[in-house]
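# Observations on the model geometry
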Amino acid sequence: MSRIFLLDDNTPFSLSETLSCGQVFRWHEENGWWQGVCQGRLIRIRQIGNRLEYSGCDETFLVYYFHLDADLNSILDSVNKDEYINAAIEKHRGLRIIRQDPWECLLTYICAQNANIPFIERMLSNMSEMSGEVIKTESGTAHAYPTSEKLSLVCETDVSGCSTGYRSSYICSTAYEIFSDKMWADKIYKADYESARKEIMRYKGIGRKVADCILLFGFQKYESFPVDRWVDRIMHKYYGVGDSEKPLSGGEYEKIRKFGQEYFGRYAGYAQEYLFADR
DNA sequence: GATACTCCTCCCCC
DNA sequence: AGGGGGAGGAGTA
């Protein structure tokens, strides 16, 4: 039983740009249909023009998850400061920042350190198959993300068996911290960007870059401006900040991040995603 | 506070 | 086919 959602002319949205730009890692496309796992759901969706056809969630969730309630054109206008970002916007308009579940997002980005996309996908699907609840829908069966409770109960060897490598100790330690503090996400939500960042970086396996990704994708702190190797190169090439030759030091990271935030403003994170998509 | 090294897996290239 | 090197961030000394 699938539902239909019609996008109006003022609501640009590209499902494929949004799902394949490297913010989520449990979505796959087959014959025009995307299928993915998030927050206990197995969602199946396709886009033909301004028409979304989907199953596995209700409309409220669809709009929330894909940030369809945001006025994307205004957001993009606000960050459209020069010809480089303008080119990226024209090419990828419709890319939206997904609202991820805080815990699923945090787990994802601990895995994402020192890893490329297929590797991240493998770690997450391995852990989900090991400890995630089974989700059954008419379009198939999948495993949800493991909860922090489940992951704090399994041993580090099991997590390590999911190809997570040295990240397994970070995952177990942080899963336990989060499971033991029911209010962890509320505290981060309520805090402003800088204090939320300090708070979240206390968990093992969360440094500057991972913290900025989690705040952007899991906590809707849109001024967050994560700087990975790609963004480092782009910012050096177009804006002359940083030195893309040297490995990115902590100080350099902060310089580039602050430049991005001051230059692009309160939706700097959207600018970052568009520049990244255009890499 | 800044630097160098290690941690682990995947992937590409020879 | 097997081995070496590079890519990717956080933690530690």
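Every chain is numbered on its own, with residues counted from 1 as its sequence reads. Note on labels: chains are lettered from A, ligands numbered from 1, in written order. A pLDDT threshold of at least 70 governs which residues receive local features in this predicted model, and a stricter bar of 80 or more applies before side-chain atom pairs are shown or counted, although totals over entire chains, interfaces and linings include all residues. In computing side-chain values, all of the structure's heavy atoms are included and hydrogens and water are not.

### Remarks on the pairing of strand E3 (residues 33-38)
- Relative accessibility under 20% of the residue-type maximum defines a buried residue, over 50% an exposed one, and the middle range a partly exposed one, all with a 1.4 Å probe and only protein chains included. Only DSSP runs of H or I with at least four residues qualify as helices, and only runs of E with at least two residues qualify as strands; both kinds are numbered from the N terminus onward. Counting buried residues along E3, 5 of its 6 residues qualify, which places the element largely inside the surrounding structure.
- Relative to E3, strand E2 (residues 27-30) runs antiparallel, the two being bridged by 4 bridges. Considered in E3, the bridge of glutamate 29 is made with tryptophan 34.
- As consecutive antiparallel partners, E2 and E3 are separated by 2 residues, and within that stretch asparagine 31 has a phi angle of approximately 50°, a positive value.
- Being paired, for any two strands, means DSSP has found at least two bridges between them. Relative to strand E4 (residues 41-48), E3 runs antiparallel, the two being bridged by 5 bridges. Note that in E4 the partner of cysteine 38 across the bridge is arginine 41.
- The hairpin turn running from E3 into E4, its antiparallel successor, is 2 residues long, and glutamine 39 in that turn takes a positive phi close to 50°.

### Some thoughts on helix H3 (residues 72-79)
- For H3, the complete set of buried residues consists of Leu72, Ile75, Leu76 and Val79. Along the axis of H3, the buried residues cluster in a sector spanning 95°; they form a single face.
- Elements that come into contact with the buried residues of H3 comprise helix H4 (83-92), helix H14 (250-264) and helix H15 (268-277). The arc in question is the one spanned by the directions pointing from the helix axis to the C-beta atoms. The criterion used for residue contact is that any of the two residues' heavy atoms lie within 4.5 Å.

### With respect to the protein's contact with DNA strand C
- When at least one non-hydrogen atom of a residue lies within 4 Å of a molecule or strand, that residue is treated as near it. Neighbouring DNA strand C are 17 residues, the closest being Asn114, Tyr166, Gly205, Val210 and Asp228.
- Pairs of N or O atoms are called polar contacts if they sit within 3.5 Å, as long as, within protein, a hydrogen donor faces a hydrogen acceptor (for residues adjacent in sequence, only side-chain-to-side-chain pairs). Note that a phosphate oxygen of DNA strand C is positioned 2.5 Å from one of the backbone N or O atoms of glycine 205.
- Separating a phosphate oxygen of DNA strand C from a backbone N or O atom of lysine 209 is a distance of 3.1 Å.
- Mapped by element, the contributors of at least two residues to the surface near DNA strand C are helix H12 (208-218) and helix H13 (229-239).
- Across the surface near DNA strand C, the residue classes tally to 7 nonpolar, 4 polar and 6 charged. Any residue that is not Ala, Val, Leu, Ile, Met, Phe, Trp, Tyr, Cys, Pro, Asp, Glu, Lys or Arg is counted as polar, Gly included; the first ten are nonpolar and the last four charged.

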